[in-house]
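Chain by chain, the residues:
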Amino acid sequence: FFGEMLLEKYKQRQFGIINNSRQLADKLIERGFNVVTGGTDNHLILVNAADFKEGMTGAIAQKALEQCGIVVDSINLPVDEGKGTISGIRLGTAIVTKEGMTGEEMNTIAQMIEQVLRQVRVADKGRYSIDKHLEEQMLLRVGQLCDMFCSDNGLLL
């Protein structure tokens, strides 16, 4: 690993990771998401999913996106203190950048995240449902993107 870190290719990838992270954050903000701190300066993007839609939580967002082939983490945010819920999701761009994705794909990923979370139907007590047609459509789109770039089937963000 230390040898790899000395390579110019590795250094360029690190700049690409940050650039992709900033572009993904900007695209999410354009689509109405509350990106914590208004953007990012590193490989991580924190999104307050609860601000996006009535009844949405980070846990529901994580599960719904994963059901559609987009892997993110749910995460507690400072606004969650004492509420007993998880409001956030955490996305990272290291793996997708290593696989060769750039700004165009960050826009596509932001579109897919928005489409899933806008159409998910939130019920009470953390339950949700997704239209089967949407789920199939998203799994197909994710599969196509991964076929072009990734070594396995799933977007790991």
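Up top is the structure.
About the cut-offs
- Residues numbered from 1 in each chain as written.
- Predicted model: local features only at pLDDT ≥ 70, side-chain atom pairs only at ≥ 80, totals over all residues.
- Heavy atoms only, no water.
- Patch = residues over 30% accessible without salt bridge, like charges linked within 9 Å, V, L, I, M, F, W, Y side chains within 5 Å.
- Areas by Shrake-Rupley, 256 points an atom, 1.4 Å probe, with all protein chains shown as cover.
- Salt bridge = Lys/Arg side-chain N within 4 Å of Asp/Glu carboxyl O.
- Helix = DSSP H or I, 4+ residues; strand = E, 2+ residues; numbered from the N terminus.
- Axes fitted to C-alpha atoms, helices over the stretch in contact; angles between N-to-C directions.
- Parallel < 35°, antiparallel > 145°, perpendicular 65-115°, else oblique.
- Left-handed = near helix turned anticlockwise from the far one by under 90°.
- Contact = heavy atoms within 4.5 Å.
- Nonpolar A, V, L, I, M, F, W, Y, C, P; charged D, E, K, R; others polar.
- Core = buried A, V, L, I, M, F, W, Y, C linked by side-chain atoms within 4.5 Å.
- Buried < 20%, exposed > 50% of the residue type's maximum accessible area, 1.4 Å probe, protein only.
- Phe/Tyr/Trp six-rings, centres within 6.5 Å; stacked < 30°, edge-to-face > 60°.
- Pairing = 2+ DSSP bridges.

Participant: Teacher, can you tell me more about a nonpolar patch on the surface here?
Facilitator: On the surface, Phe1, Phe2 and Met5 cluster together to form a nonpolar patch covering roughly 380 Å² of accessible area. Along the polypeptide, Phe1 turns up in the segment before α1 (2-5).

Participant: Please clarify how the packing of helix α5 (residues 103-119) against helix α6 (residues 132-149) should be interpreted in this entry.
Facilitator: Two packed helices can be described by the angle between their axes and the distance between those axes. Where α5 meets α6, the axes come as close as 11 Å, and the angle between the chain directions of the two elements is 165°. By the angle between their axes, α5 is roughly antiparallel relative to α6. α5 and α6 meet at a crossing whose hand is left-handed. Residues Glu105, Thr108, Ile109, Gln111, Met112, Gln115, Val116 and Gln119 of α5 pack against Leu134, Gln137, Met138, Arg141, Val142, Leu145 and Phe149 of α6. Within the contact of α5 with α6, the residues separate by chemical class into 8 nonpolar, 5 polar and 2 charged.

Participant: Looking at this model, I keep getting lost on the nonpolar core. Mind explaining?
Facilitator: One broad rule of soluble globular proteins: the nonpolar side chains tend to lie buried together. Formed by 36 residues in total, the largest nonpolar core has its most connected members in Leu28, Ile113 and Leu117. Mapped by element, the contributors of at least two residues to this core are α2 (8-30), β2 (44-48), α3 (58-67), β5 (88-92), α5 and α6. Among the elements that line this core, the one with the most residues is α5, at 7 residues.

Participant: Help me out: how do you make sense of the packing of aromatic side chains in this one?
Facilitator: The relative placement of two aromatic rings is captured by the distance of their centres and the angle of their planes. A full pass over the atoms with the stated rule returns 3 aromatic pairs. Taken together, the aromatic side chains of Phe1, Phe2 and Tyr10 make up a single cluster linked through ring pairs.

Participant: What exactly am I supposed to notice about the sheet that holds strand β4 (residues 73-75) here?
Facilitator: Strand pairing in a sheet relies on backbone hydrogen bonds. The paired strands run either parallel or antiparallel. Strands sit in the order β1-β2-β5-β4 across an open sheet of 4 strands; the sheet is antiparallel. Of all the strands in the sheet, just β1 (34-35) and β4 have a single pairing partner and so form its edges. Here β2 runs beside β5; their pairing, made up of 5 bridges, is antiparallel. Of the residues in β5, the one forming a bridge with Asn48 is Gly88.

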